[in-house]
Amino acid sequence: MNATSIQTPTPHRRFEALDSLRGVCAILVVMFHMPVASHWRDWGLVQHGYLFVDYFFVLSGFVIAHAYAERLKTPRDAGRFMVRRLGRVWPLHVLMLVAFIGLELARLWFSIDAATPFTRDRSVEAIFTNLLLIQAFNIHPYLTWNGPSWTLSVEVGCYVVFAALLLLAPRRWRWIGVVLAVIGAVLVLLFARRWMNTTYDLAFPRAVYGFFLGAALQGLWLRIPRLKGGAATLLEFAVLLAIGLFIAWATGPVTVAVTLLFVLGVWVFAGEEGALSRWLDTRPLVTLGRWSFSIYMVHMFVIVVTLIVARKLDWMPGGRRIDFGSVWLNDLFAVGLFVGIVGLALLAHRFVEIPAQRWIDRKTKPSSAR
(Lines give C-alpha, C1' and ligand atoms only; values in the text may rest on other atoms or scores of the structure.)
Protein backbone atom coordinates (compact mmCIF):
# COMPACT_ATOMS: atom_id res chain seq x y z
CA MET A 1 0.00 0.00 0.00
CA ASN A 2 1.23 3.52 -0.84
CA ALA A 3 2.27 5.80 2.03
CA THR A 4 0.05 8.60 0.76
CA SER A 5 -3.60 8.98 -0.10
CA ILE A 6 -6.08 11.48 -1.47
CA GLN A 7 -9.52 11.41 0.09
CA THR A 8 -12.94 12.24 -1.29
CA PRO A 9 -14.48 15.47 0.03
CA THR A 10 -16.94 15.17 2.90
CA PRO A 11 -18.84 18.48 2.99
CA HIS A 12 -20.42 18.04 6.42
CA ARG A 13 -17.40 16.53 8.11
CA ARG A 14 -16.38 17.86 11.51
CA PHE A 15 -12.61 18.06 11.92
CA GLU A 16 -12.34 16.73 15.46
CA ALA A 17 -8.54 16.89 15.79
CA LEU A 18 -8.51 20.49 14.59
CA ASP A 19 -11.33 21.31 16.99
CA SER A 20 -9.41 19.73 19.88
CA LEU A 21 -6.37 21.82 18.98
CA ARG A 22 -8.58 24.88 19.11
CA GLY A 23 -9.44 23.93 22.69
CA VAL A 24 -5.73 23.63 23.54
CA CYS A 25 -5.08 27.04 21.97
CA ALA A 26 -7.94 28.55 23.99
CA ILE A 27 -6.33 27.25 27.18
CA LEU A 28 -3.01 28.80 26.21
CA VAL A 29 -4.69 32.14 25.52
CA VAL A 30 -6.27 31.98 28.98
CA MET A 31 -2.85 31.21 30.48
CA PHE A 32 -1.42 34.20 28.62
CA HIS A 33 -4.01 36.49 30.23
CA MET A 34 -3.96 34.96 33.70
CA PRO A 35 -2.30 37.41 36.15
CA VAL A 36 -0.91 34.86 38.61
CA ALA A 37 2.78 34.41 39.48
CA SER A 38 2.72 30.70 38.68
CA HIS A 39 5.55 28.40 37.60
CA TRP A 40 4.45 28.61 33.98
CA ARG A 41 3.77 32.36 33.84
CA ASP A 42 7.19 33.20 32.37
CA TRP A 43 7.41 30.31 29.92
CA GLY A 44 7.91 31.56 26.39
CA LEU A 45 4.91 29.54 25.20
CA VAL A 46 2.71 31.44 27.65
CA GLN A 47 4.39 34.84 27.31
CA HIS A 48 3.74 34.71 23.57
CA GLY A 49 0.35 33.06 23.94
CA TYR A 50 -1.35 35.85 22.00
CA LEU A 51 -0.08 34.13 18.84
CA PHE A 52 -2.44 31.17 19.35
CA VAL A 53 -5.31 33.45 18.32
CA ASP A 54 -4.00 33.22 14.77
CA TYR A 55 -4.77 29.50 14.77
CA PHE A 56 -8.42 30.47 15.24
CA PHE A 57 -8.32 32.61 12.10
CA VAL A 58 -6.63 29.94 9.96
CA LEU A 59 -8.96 27.22 11.21
CA SER A 60 -12.01 29.41 10.68
CA GLY A 61 -11.07 30.13 7.07
CA PHE A 62 -10.45 26.44 6.41
CA VAL A 63 -13.70 25.23 7.98
CA ILE A 64 -15.86 28.01 6.55
CA ALA A 65 -14.53 27.35 3.04
CA HIS A 66 -15.10 23.61 3.50
CA ALA A 67 -18.69 24.14 4.60
CA TYR A 68 -19.79 27.02 2.37
CA ALA A 69 -17.57 27.43 -0.70
CA GLU A 70 -19.97 25.39 -2.84
CA ARG A 71 -23.16 26.63 -1.19
CA LEU A 72 -23.10 30.42 -1.59
CA LYS A 73 -24.57 31.04 -5.04
CA THR A 74 -27.01 33.91 -4.53
CA PRO A 75 -27.35 37.01 -2.32
CA ARG A 76 -30.01 35.13 -0.38
CA ASP A 77 -27.51 32.33 0.33
CA ALA A 78 -25.01 34.93 1.49
CA GLY A 79 -27.58 36.56 3.75
CA ARG A 80 -28.47 33.21 5.31
CA PHE A 81 -24.76 32.49 5.77
CA MET A 82 -24.17 35.79 7.60
CA VAL A 83 -27.16 35.30 9.87
CA ARG A 84 -26.03 31.78 10.77
CA ARG A 85 -22.46 32.91 11.45
CA LEU A 86 -23.64 35.82 13.59
CA GLY A 87 -25.90 33.40 15.42
CA ARG A 88 -22.81 31.49 16.51
CA VAL A 89 -20.90 34.44 17.94
CA TRP A 90 -23.22 37.35 18.72
CA PRO A 91 -25.45 35.91 21.51
CA LEU A 92 -22.55 34.92 23.77
CA HIS A 93 -20.75 38.15 22.89
CA VAL A 94 -23.80 40.15 24.01
CA LEU A 95 -24.14 38.08 27.18
CA MET A 96 -20.56 38.89 28.20
CA LEU A 97 -20.99 42.53 27.24
CA VAL A 98 -24.03 42.67 29.53
CA ALA A 99 -21.99 41.01 32.29
CA PHE A 100 -19.26 43.64 31.95
CA ILE A 101 -21.85 46.43 31.95
CA GLY A 102 -23.28 44.92 35.14
CA LEU A 103 -19.80 45.03 36.67
CA GLU A 104 -19.54 48.68 35.67
CA LEU A 105 -22.88 49.45 37.31
CA ALA A 106 -21.56 47.80 40.47
CA ARG A 107 -18.62 50.21 40.29
CA LEU A 108 -21.04 53.10 39.89
CA TRP A 109 -23.48 52.12 42.63
CA PHE A 110 -21.29 50.35 45.16
CA SER A 111 -17.75 51.65 44.47
CA ILE A 112 -16.33 48.15 44.35
CA ASP A 113 -12.92 49.48 43.30
CA ALA A 114 -11.12 52.72 42.47
CA ALA A 115 -11.81 52.65 38.71
CA THR A 116 -14.01 55.46 37.38
CA PRO A 117 -17.14 53.86 35.90
CA PHE A 118 -17.90 54.04 32.18
CA THR A 119 -14.62 55.63 31.11
CA ARG A 120 -11.88 54.80 28.59
CA ASP A 121 -12.17 51.16 27.47
CA ARG A 122 -15.50 50.92 29.30
CA SER A 123 -17.13 53.95 27.71
CA VAL A 124 -20.81 54.15 26.81
CA GLU A 125 -20.05 54.76 23.13
CA ALA A 126 -17.97 51.58 23.04
CA ILE A 127 -21.07 49.61 24.03
CA PHE A 128 -22.60 50.43 20.66
CA THR A 129 -19.50 49.60 18.62
CA ASN A 130 -19.33 46.28 20.47
CA LEU A 131 -23.00 45.55 19.78
CA LEU A 132 -22.32 46.17 16.09
CA LEU A 133 -19.09 44.13 16.26
CA ILE A 134 -17.02 46.92 14.73
CA GLN A 135 -14.95 47.71 17.80
CA ALA A 136 -11.69 46.31 16.38
CA PHE A 137 -11.66 48.37 13.18
CA ASN A 138 -9.38 51.08 14.56
CA ILE A 139 -12.32 53.01 16.03
CA HIS A 140 -10.98 53.04 19.59
CA PRO A 141 -7.32 53.50 20.62
CA TYR A 142 -7.50 50.42 22.87
CA LEU A 143 -9.46 47.23 23.45
CA THR A 144 -12.93 47.80 24.86
CA TRP A 145 -15.22 45.97 27.28
CA ASN A 146 -14.63 42.24 26.84
CA GLY A 147 -11.19 42.59 25.28
CA PRO A 148 -10.93 39.16 23.59
CA SER A 149 -14.07 39.90 21.57
CA TRP A 150 -11.90 41.88 19.15
CA THR A 151 -11.39 38.59 17.31
CA LEU A 152 -15.13 38.26 16.71
CA SER A 153 -15.26 41.77 15.29
CA VAL A 154 -12.65 41.11 12.61
CA GLU A 155 -13.74 37.55 11.95
CA VAL A 156 -17.22 38.76 11.07
CA GLY A 157 -15.49 41.18 8.71
CA CYS A 158 -13.77 38.19 7.11
CA TYR A 159 -17.15 36.48 6.69
CA VAL A 160 -18.44 39.52 4.80
CA VAL A 161 -15.44 39.56 2.47
CA PHE A 162 -15.68 35.78 1.98
CA ALA A 163 -19.36 35.94 1.00
CA ALA A 164 -18.76 38.92 -1.28
CA LEU A 165 -15.91 37.16 -3.10
CA LEU A 166 -18.00 34.05 -3.68
CA LEU A 167 -20.79 36.12 -5.20
CA LEU A 168 -18.62 38.45 -7.27
CA ALA A 169 -15.79 36.12 -8.32
CA PRO A 170 -16.93 32.52 -7.78
CA ARG A 171 -14.13 31.03 -9.91
CA ARG A 172 -11.29 33.22 -8.68
CA TRP A 173 -12.24 33.94 -5.10
CA ARG A 174 -9.46 31.78 -3.62
CA TRP A 175 -6.77 33.55 -5.63
CA ILE A 176 -8.16 36.92 -4.69
CA GLY A 177 -8.28 35.74 -1.08
CA VAL A 178 -4.60 34.82 -1.22
CA VAL A 179 -3.77 38.29 -2.57
CA LEU A 180 -5.76 39.82 0.31
CA ALA A 181 -3.91 37.56 2.76
CA VAL A 182 -0.54 38.72 1.43
CA ILE A 183 -1.65 42.35 1.68
CA GLY A 184 -2.80 41.72 5.26
CA ALA A 185 0.56 40.20 6.19
CA VAL A 186 2.46 43.12 4.63
CA LEU A 187 0.33 45.68 6.46
CA VAL A 188 0.97 43.95 9.77
CA LEU A 189 4.67 43.64 9.04
CA LEU A 190 5.10 47.28 8.03
CA PHE A 191 2.64 49.19 10.20
CA ALA A 192 1.70 47.22 13.32
CA ARG A 193 3.70 48.57 16.26
CA ARG A 194 4.00 45.12 17.85
CA TRP A 195 3.62 43.08 14.67
CA MET A 196 1.34 40.09 15.31
CA ASN A 197 0.39 41.39 18.73
CA THR A 198 -1.97 43.86 17.08
CA THR A 199 -5.63 43.99 18.12
CA TYR A 200 -7.73 47.16 17.97
CA ASP A 201 -5.78 48.90 15.17
CA LEU A 202 -4.53 46.42 12.54
CA ALA A 203 -6.60 43.48 13.69
CA PHE A 204 -8.48 43.14 10.40
CA PRO A 205 -5.38 42.70 8.20
CA ARG A 206 -4.11 40.18 10.75
CA ALA A 207 -7.38 38.24 10.57
CA VAL A 208 -7.59 38.43 6.75
CA TYR A 209 -4.05 37.05 6.55
CA GLY A 210 -4.94 33.92 8.52
CA PHE A 211 -8.54 33.45 7.39
CA PHE A 212 -7.91 33.54 3.65
CA LEU A 213 -4.78 31.40 3.79
CA GLY A 214 -6.90 28.86 5.66
CA ALA A 215 -9.61 29.16 3.01
CA ALA A 216 -7.04 28.70 0.22
CA LEU A 217 -5.62 25.66 1.98
CA GLN A 218 -9.06 24.04 1.98
CA GLY A 219 -9.06 24.10 -1.80
CA LEU A 220 -5.74 22.27 -1.90
CA TRP A 221 -5.61 19.90 1.04
CA LEU A 222 -7.49 17.04 -0.61
CA ARG A 223 -5.21 17.28 -3.65
CA ILE A 224 -1.96 17.17 -1.70
CA PRO A 225 -0.87 13.58 -0.85
CA ARG A 226 -0.64 12.97 2.89
CA LEU A 227 1.55 10.60 4.81
CA LYS A 228 -0.04 7.67 6.60
CA GLY A 229 0.79 5.44 9.54
CA GLY A 230 4.06 5.98 11.39
CA ALA A 231 5.23 8.62 8.93
CA ALA A 232 2.07 10.64 9.59
CA THR A 233 2.64 10.36 13.34
CA LEU A 234 6.21 11.64 13.02
CA LEU A 235 5.02 14.53 10.87
CA GLU A 236 2.34 15.47 13.39
CA PHE A 237 4.83 15.53 16.25
CA ALA A 238 7.34 17.47 14.14
CA VAL A 239 4.79 20.12 13.19
CA LEU A 240 3.53 20.57 16.74
CA LEU A 241 7.10 20.79 18.01
CA ALA A 242 7.97 23.37 15.36
CA ILE A 243 4.92 25.47 16.24
CA GLY A 244 5.64 25.25 19.97
CA LEU A 245 9.31 26.17 19.62
CA PHE A 246 8.55 29.00 17.24
CA ILE A 247 5.94 30.56 19.53
CA ALA A 248 8.16 30.10 22.58
CA TRP A 249 11.09 31.96 21.00
CA ALA A 250 9.73 34.21 18.25
CA THR A 251 9.64 37.97 18.77
CA GLY A 252 9.48 41.01 16.53
CA PRO A 253 8.70 40.89 12.79
CA VAL A 254 9.35 37.14 12.53
CA THR A 255 6.11 36.49 14.47
CA VAL A 256 4.24 37.14 11.21
CA ALA A 257 5.39 33.68 10.07
CA VAL A 258 3.30 31.97 12.78
CA THR A 259 0.29 31.97 10.46
CA LEU A 260 2.20 29.95 7.89
CA LEU A 261 3.04 27.36 10.55
CA PHE A 262 -0.62 27.17 11.53
CA VAL A 263 -1.56 26.62 7.88
CA LEU A 264 0.88 23.70 7.83
CA GLY A 265 -0.59 22.42 11.09
CA VAL A 266 -4.15 22.55 9.79
CA TRP A 267 -3.13 20.66 6.65
CA VAL A 268 -1.38 17.93 8.67
CA PHE A 269 -4.10 17.44 11.29
CA ALA A 270 -7.11 17.80 8.99
CA GLY A 271 -6.30 14.39 7.53
CA GLU A 272 -6.22 12.74 10.99
CA GLU A 273 -3.81 10.07 9.79
CA GLY A 274 -1.38 9.83 12.72
CA ALA A 275 -1.43 8.65 16.33
CA LEU A 276 -1.46 12.19 17.67
CA SER A 277 -4.63 12.94 15.70
CA ARG A 278 -6.24 9.85 17.17
CA TRP A 279 -5.33 11.07 20.63
CA LEU A 280 -6.83 14.45 19.83
CA ASP A 281 -10.00 12.64 18.77
CA THR A 282 -10.58 11.37 22.31
CA ARG A 283 -13.73 12.54 24.03
CA PRO A 284 -12.19 14.87 26.68
CA LEU A 285 -10.21 16.83 24.11
CA VAL A 286 -13.06 16.93 21.59
CA THR A 287 -15.32 18.24 24.36
CA LEU A 288 -12.72 20.86 25.26
CA GLY A 289 -12.71 21.95 21.62
CA ARG A 290 -16.48 22.34 21.62
CA TRP A 291 -16.30 24.43 24.78
CA SER A 292 -13.40 26.50 23.49
CA PHE A 293 -15.43 29.46 22.23
CA SER A 294 -17.22 29.80 25.56
CA ILE A 295 -13.93 29.47 27.45
CA TYR A 296 -12.43 32.17 25.29
CA MET A 297 -15.41 34.49 25.74
CA VAL A 298 -15.92 34.21 29.52
CA HIS A 299 -12.34 34.04 30.76
CA MET A 300 -11.61 37.76 30.83
CA PHE A 301 -14.71 38.49 32.91
CA VAL A 302 -13.62 35.95 35.52
CA ILE A 303 -10.10 37.40 35.50
CA VAL A 304 -11.35 41.00 35.94
CA VAL A 305 -13.59 40.02 38.86
CA THR A 306 -10.69 38.09 40.39
CA LEU A 307 -8.42 41.13 40.09
CA ILE A 308 -10.97 43.33 41.84
CA VAL A 309 -11.11 40.86 44.72
CA ALA A 310 -7.32 40.45 44.74
CA ARG A 311 -6.74 44.19 45.11
CA LYS A 312 -9.28 44.38 47.93
CA LEU A 313 -7.60 41.50 49.80
CA ASP A 314 -4.04 42.62 49.04
CA TRP A 315 -3.16 39.53 47.01
CA MET A 316 -1.07 41.61 44.60
CA PRO A 317 1.94 42.87 46.58
CA GLY A 318 3.79 43.91 43.43
CA GLY A 319 0.72 45.47 41.88
CA ARG A 320 0.86 43.37 38.69
CA ARG A 321 0.28 39.71 39.55
CA ILE A 322 -1.49 37.74 42.22
CA ASP A 323 1.20 36.34 44.50
CA PHE A 324 0.70 34.52 47.80
CA GLY A 325 4.44 34.26 48.48
CA SER A 326 4.62 30.62 47.40
CA VAL A 327 4.76 29.68 43.77
CA TRP A 328 3.04 26.38 44.59
CA LEU A 329 0.12 28.20 46.20
CA ASN A 330 0.05 30.44 43.15
CA ASP A 331 -0.12 27.36 40.91
CA LEU A 332 -3.00 25.96 42.95
CA PHE A 333 -4.85 29.26 42.77
CA ALA A 334 -4.30 29.46 39.00
CA VAL A 335 -5.69 25.96 38.55
CA GLY A 336 -8.71 26.84 40.69
CA LEU A 337 -9.23 30.00 38.67
CA PHE A 338 -9.10 28.00 35.46
CA VAL A 339 -11.64 25.51 36.85
CA GLY A 340 -13.93 28.45 37.60
CA ILE A 341 -13.51 29.74 34.05
CA VAL A 342 -14.35 26.34 32.57
CA GLY A 343 -17.35 25.97 34.87
CA LEU A 344 -18.78 29.31 33.81
CA ALA A 345 -17.96 28.51 30.18
CA LEU A 346 -19.87 25.23 30.43
CA LEU A 347 -22.97 27.08 31.66
CA ALA A 348 -22.63 29.66 28.88
CA HIS A 349 -22.14 26.91 26.29
CA ARG A 350 -25.11 24.89 27.45
CA PHE A 351 -27.63 27.64 28.14
CA VAL A 352 -26.66 30.37 25.66
CA GLU A 353 -24.31 29.26 22.88
CA ILE A 354 -26.00 25.99 21.87
CA PRO A 355 -29.66 27.13 22.23
CA ALA A 356 -28.93 30.27 20.21
CA GLN A 357 -27.22 28.25 17.47
CA ARG A 358 -30.11 25.81 17.25
CA TRP A 359 -32.70 28.57 17.13
CA ILE A 360 -30.84 30.45 14.38
CA ASP A 361 -30.30 27.23 12.42
CA ARG A 362 -34.03 26.46 12.53
CA LYS A 363 -34.97 29.96 11.43
CA THR A 364 -32.49 30.04 8.56
CA LYS A 365 -33.07 26.53 7.23
CA PRO A 366 -34.23 26.66 3.62
CA SER A 367 -38.00 26.21 3.37
CA SER A 368 -37.59 23.08 1.26
CA ALA A 369 -35.62 21.44 4.09
CA ARG A 370 -38.08 22.26 6.86
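For the structure, see preceding data.
Residues numbered from 1 in each chain as written. Predicted model: local features only at pLDDT ≥ 70, side-chain atom pairs only at ≥ 80, totals over all residues. Heavy atoms only, no water.

### Digging into the environment of Arg76
- For Arg76, the position within the fold is in helix H4 (residues 75–110).
- Owing to a relative accessible area of 65%, Arg76 belongs among the exposed residues under this scheme.
- Along the chain, Arg76 and Val94 lie 18 residues apart, while their C-alpha atoms are 26 Å from each other. (Helix = DSSP H or I, 4+ residues; strand = E, 2+ residues; numbered from the N terminus. Buried < 20%, exposed > 50% of the residue type's maximum accessible area, 1.4 Å probe, protein only.)

### Describing empty space enclosed by the protein
- In this structure the tally under the stated criterion is two cavities of 30 Å³ or more.
- Considered as a void within the structure, the largest cavity measures approximately 60 Å³ in volume.
- Looking at the largest cavity, the residues that line it are Arg226, Leu227, Ala232, Leu235, Glu236, Trp267, Val268 and Glu273.
- Breaking the lining of the largest cavity down by element, the ones donating at least two residues are strand E2 (226–227), helix H9 (229–249) and helix H10 (258–270).
- Looking at which element gives the most residues to the lining of the largest cavity, the answer is H9, with three residues.
- Classifying every residue of the lining of the largest cavity gives five nonpolar, no polar and three charged. (1 Å grid on protein atoms, 1.4 Å probe; cavity = no way out; pocket = protein on both sides within 12 Å on 5 of 7 lines; lining within 4 Å. Points joined across faces, edges and corners; volume = space filled by probe spheres on them. Nonpolar A, V, L, I, M, F, W, Y, C, P; charged D, E, K, R; others polar.)

### So, a nonpolar patch on the surface
- A cluster of nonpolar residues, Leu86, Trp90, Val124, Phe128 and Leu131, forms a patch on the protein surface that exposes about 430 Å² of accessible area.
- Contributions of two or more residues to the nonpolar patch are made by H4 and helix H5 (124–131).
- The biggest single contributor to the nonpolar patch is H5, with three residues.
- By secondary structure assignment, the location of Phe128 is in helix H5.
- Judged by its relative accessible area of 52%, Phe128 is exposed. (Patch = residues over 30% accessible without salt bridge, like charges linked within 9 Å, V, L, I, M, F, W, Y side chains within 5 Å. Areas by Shrake-Rupley, 256 points an atom, 1.4 Å probe, with all protein chains shown as cover. Salt bridge = Lys/Arg side-chain N within 4 Å of Asp/Glu carboxyl O.)

### Re the packing of aromatic side chains
- Taken as a whole and judged by the stated rule, the model has 21 aromatic pairs.
- When the ring of Phe81 is compared with that of Tyr159, the centres are 5.9 Å apart and the planes differ by 75 degrees; the resulting orientation is edge-to-face. Here the residue Phe81 occupies a position in helix H4, and Tyr159 occupies one in helix H6 (residues 150–168), the gap between them amounting to 78 residues.
- Tyr159 sits in the buried class, given a relative accessible area of 2%.
- Cluster of aromatic residues (ring-pair linked, three or more members): Tyr68, Phe81, Tyr159, Phe162, Trp173, Phe211 and Phe212. (Phe/Tyr/Trp six-rings, centres within 6.5 Å; stacked < 30°, edge-to-face > 60°.)

### Quick word on the state of the cysteines
- The full count for this structure, using the stated rule, is zero disulfides.
- For the unlinked cysteine Cys25, the closest cysteine sulfur is that of Cys158, found at 17 Å. (Disulfide = S-S within 2.5 Å.)

### Quick notes on H9
- Here H9 spans 31 Å end to end across 21 residues, near enough to the 30 Å set by a 1.5 Å rise per residue.
- Restricting attention to buried positions, one finds in H9 the residues Ala232, Thr233, Glu236, Val239, Ile243, Gly244, Phe246, Ile247 and Ala248.
- Against the buried residues of H9 lie helix H2 (44–47), E2, H10 and helix H11 (275–280). (Expected span 1.5 Å × (residues − 1). Contact = heavy atoms within 4.5 Å.)

### Regarding the side chain of Glu273
- Its location among the elements puts Glu273 in the loop between H10 and H11.
- Overall, Glu273 belongs to the buried group, its relative accessible area being 12%.

### Quick notes on the pattern of salt bridges
- In this structure the tally under the stated criterion is 13 salt bridges.
- Asp361 is the partner of Arg84 in a salt bridge, and the nearest nitrogen-oxygen pair spans 3.4 Å. Pair noted here: Arg84 is in helix H4 and Asp361 is in helix H13 (residues 327–364), with a separation of 277 residues, a long-range link. An identical accessibility class is assigned to Arg84 and Asp361; each is buried.

### Re the packing of helix H1 (residues 16–33) against H10
- One can describe the packing of H1 onto H10 by two numbers: an axis separation of 8 Å at closest approach and a directional angle of 135 degrees. One finds that H1 runs oblique with respect to H10. Packed against H1, whose contacting residues are Ala17, Leu18 and Leu21, the element H10 presents Gly265, Val266, Phe269 and Ala270 at the interface.
- Looking at side-chain class alone, the contact of H1 with H10 contains six nonpolar, one polar and no charged residues. (Axes fitted to C-alpha atoms, helices over the stretch in contact; angles between N-to-C directions. Parallel < 35°, antiparallel > 145°, perpendicular 65-115°, else oblique.)

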